[in-house]
Amino acid sequence: MQQPEVAGFHDVRTGSIQYVVSCPTTRKCAIIDPVLDFDEKSGSTATTNADRLLDHIARHDLTLEWILDTHPHADHFSAASYLKKRTGVPTAIGEHVVQVQKIWREIYNWPDLACDGSQWDRLFSEGDTFRIGDLEARVMHSPGHTLASISYIIGDAAFIHDTLFMPDSGSARADFPGGSADSLWTSIERILVLPDQTRLFTGHDYMPGGRAALWESSVAEQKQKNPHVAGRSRAAFIEIREARDRTLPMPKLILHALQVNIRGGALPEPEADGRRYLKIPLDALPGSVWGR
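Definitions and cut-offs
Residues numbered from 1 in each chain as written. Predicted model: local features only at pLDDT ≥ 70, side-chain atom pairs only at ≥ 80, totals over all residues. Heavy atoms only, no water. Helix = DSSP H or I, 4+ residues; strand = E, 2+ residues; numbered from the N terminus. Expected span 1.5 Å × (residues − 1). Buried < 20%, exposed > 50% of the residue type's maximum accessible area, 1.4 Å probe, protein only. Arc of directions from axis to C-beta. Contact = heavy atoms within 4.5 Å. Polar contact = N/O pair within 3.5 Å; in protein donor to acceptor, adjacent residues only side chain to side chain. Pairing = 2+ DSSP bridges. Axes fitted to C-alpha atoms, helices over the stretch in contact; angles between N-to-C directions. Right-handed = clockwise from strand over helix to strand, strands pointing away. Parallel < 35°, antiparallel > 145°, perpendicular 65-115°, else oblique. Left-handed = near helix turned anticlockwise from the far one by under 90°. Nonpolar A, V, L, I, M, F, W, Y, C, P; charged D, E, K, R; others polar. Salt bridge = Lys/Arg side-chain N within 4 Å of Asp/Glu carboxyl O.

### Some points on helix H4 (residues 181-192)
Stage number 1. Here H4 is 12 residues long and its end C-alpha atoms lie 16 Å apart, about the 16 Å a rise of 1.5 Å per residue gives.
Stage number 2. Those residues of H4 lying buried are Ala 181, Leu 184, Trp 185, Ser 187, Ile 188, Ile 191 and Leu 192. Seen end-on, H4 carries its buried residues on one side only, within an arc spanning 165°.
Stage number 3. In this structure, the buried side of H4 is in contact with strand E11 (135-141), strand E12 (150-154), strand E13 (157-161), strand E14 (199-202), helix H5 (219-225) and helix H6 (234-245).
Stage number 4. The N-cap residue of H4 is Ser 180: its side-chain oxygen and the backbone nitrogen of Asp 182 are 3.3 Å apart.

And the structure:
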């Protein structure tokens with residue numbers, strides 16, 4: 001089985017993991033789930049995280065071929081648009097992003113939003129393959145966290161975004177608009193039938209108990225140690241997941257981030273005064289737990 005080189009970059013502010021995955025023979029690479037920095041208190045944006053990925057690529061003499069997102073993120077802005085402007089490299093996401101666009105077009109009262117996925121260069125379908133140098137990458141539709149979520153299977157590595165976290169952290173929430181604990185269980189089952197030695201790279205780590213950030217596990221470790229799946233039935237998982245979700249406040253950036261991420265990471269266009277403005281709908285997610 002092919003063994004890509006994988007470098008993970010943890011963003012402490014959002015708990016997000018960004019990846020550079022590269023072909024060891026051709027030195028071609030892809031970026032997965034890049035973060036555009038945003039401070040909600042000041043409204044400031046920065047490209048520190050994205051530039052760190054580009055610096056890594058330059059230092060290791062890699063050639064970027066793809067900028068990939070696994071889904072429209074709710075807790076950070078995607079840096080895909082920025083990176084495309086910097087590099088000219090195509091962007092991609094799963095084809096079901098059009099369904100997510102339609103949901104959020106209504107939430108934002110945004111009738112002019114194009115809900116056809118045209119904001120990306122390629123929309124992947126279940127089972128699609130593409131290449132990163134000599135590496136073959138395969139797309140697996142893995143909804144539950146969102147309708148549009150996909151995983152990238154690249155040799156012995158699987159980038160599984162917000163499905164399973166590290167074994168000590170369970171699974172991802174499934175209560176966003178369009179989310180489903182039942183669908184998430186199906187997606188997890190598909191991941192866990194990959195070979196036991198498959199390296200699993202998760203989308204977030206929140207350093208439980210104050211431990212260092214981690215993002216790589218294996219199928220075998222997840223099956224043996226993750227309390228949300230080890231020995232669990234579908235019904236038991238759904239009960240655990242839905243009960244947990246009922247206690248969670250929404251991510252603090254969900255209303256900021258989705259209006260950016262359903263446009264491929266493109267920030268709003270400047271208005272007459274030269275500034276860009278976000279639109280925050282009030283009472284848009286009824287029943288949400290209030291955060292502190």
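### Some words on the sheet that holds E11
Stage number 1. Taken in spatial order, the six strands make up an open sheet running E10-E11-E12-E13-E14-E15, and their pairing is mixed. Pairing within the sheet leaves two strands with one partner each, and these edge strands are strand E10 (129-132) and strand E15 (216-218). Each neighbouring strand pair of the sheet contributes to a mean axis angle of 30°, computed without reference to strand direction.
Stage number 2. Of the strand pairs in this sheet, E11 and E12 are connected by five bridges, and their pairing is antiparallel. Across the sheet, the residue bridging to His 141 is Ile 150, located in E12.
Stage number 3. Across the sheet, H4 touches E11, E12, E13 and E14, and the angle it forms with E11 is around 150°.

### Overview of the pairing of strand E8 (residues 91-94)
Stage number 1. With two bridges joining them, strand E6 (residues 63-68) and E8 adopt parallel strand pairing. Residue pairing for E8: Leu 68 is matched across the bridge by Ala 92.
Stage number 2. Note that E8 and strand E9 (residues 122-124) share three bridges and pair parallel. Across the sheet, residue Gly 94 finds its bridge partner in E9, namely Phe 124.
Stage number 3. What joins E8 to E9 is helix H3 (residues 97-107), and the crossover it makes is right-handed.

### Some remarks on helix H1 (residues 48-59)
Stage number 1. When the terminal C-alpha atoms of H1 are compared, their 16 Å separation across 12 residues agrees well with the 16 Å that a helix rising 1.5 Å per residue should span.
Stage number 2. Buried positions along H1 lie against strand E1 (5-11), strand E2 (16-22), strand E3 (28-32), strand E4 (35-39), E6 and helix H2 (80-87).
Stage number 3. A positive phi of about 55° marks Asp 61, the residue just after H1.

### What about unusual backbone geometry?
Stage number 1. Positioned with a positive phi, His 161 is a non-glycine residue whose angle comes to about 45°.
Stage number 2. Note on placement: His 161 falls in strand E13.
Stage number 3. Of note, the phi angle at Met 207 is positive, near 50°, even though the residue is not glycine.
Stage number 4. Secondary-structure assignment places Met 207 in the loop between E14 and E15.

### Focus on the packing of H4 against H6
Stage number 1. Between H4 and H6, whose axes approach to 9 Å, the crossing angle comes to 125°. In terms of orientation, H4 and H6 fall into the oblique class. The two elements H4 and H6 meet at a crossing, and its hand is right-handed. The segment H4 lies against H6, with Ala 181, Asp 182, Leu 184, Trp 185, Thr 186, Ile 188 and Glu 189 engaging Arg 234, Phe 237, Ile 238, Arg 241 and Glu 242.
Stage number 2. Residues that form the contact of H4 with H6 fall into these classes: six nonpolar, one polar and five charged.

### Here's the deal with the pattern of salt bridges
Stage number 1. Scanning the entire structure with this criterion turns up 19 salt bridges.
Stage number 2. The partner of Asp 205 in a salt bridge is Arg 211, and the shortest N-O contact between them spans 2.8 Å.
Stage number 3. The exposure class of Asp 205 is buried, given its relative accessible area of 1%.
Stage number 4. The class of Arg 211 is buried, set by a relative accessible area of 18%.
Stage number 5. One network of salt bridges, with partners in common, ties together Glu 40, Lys 41 and Lys 252.

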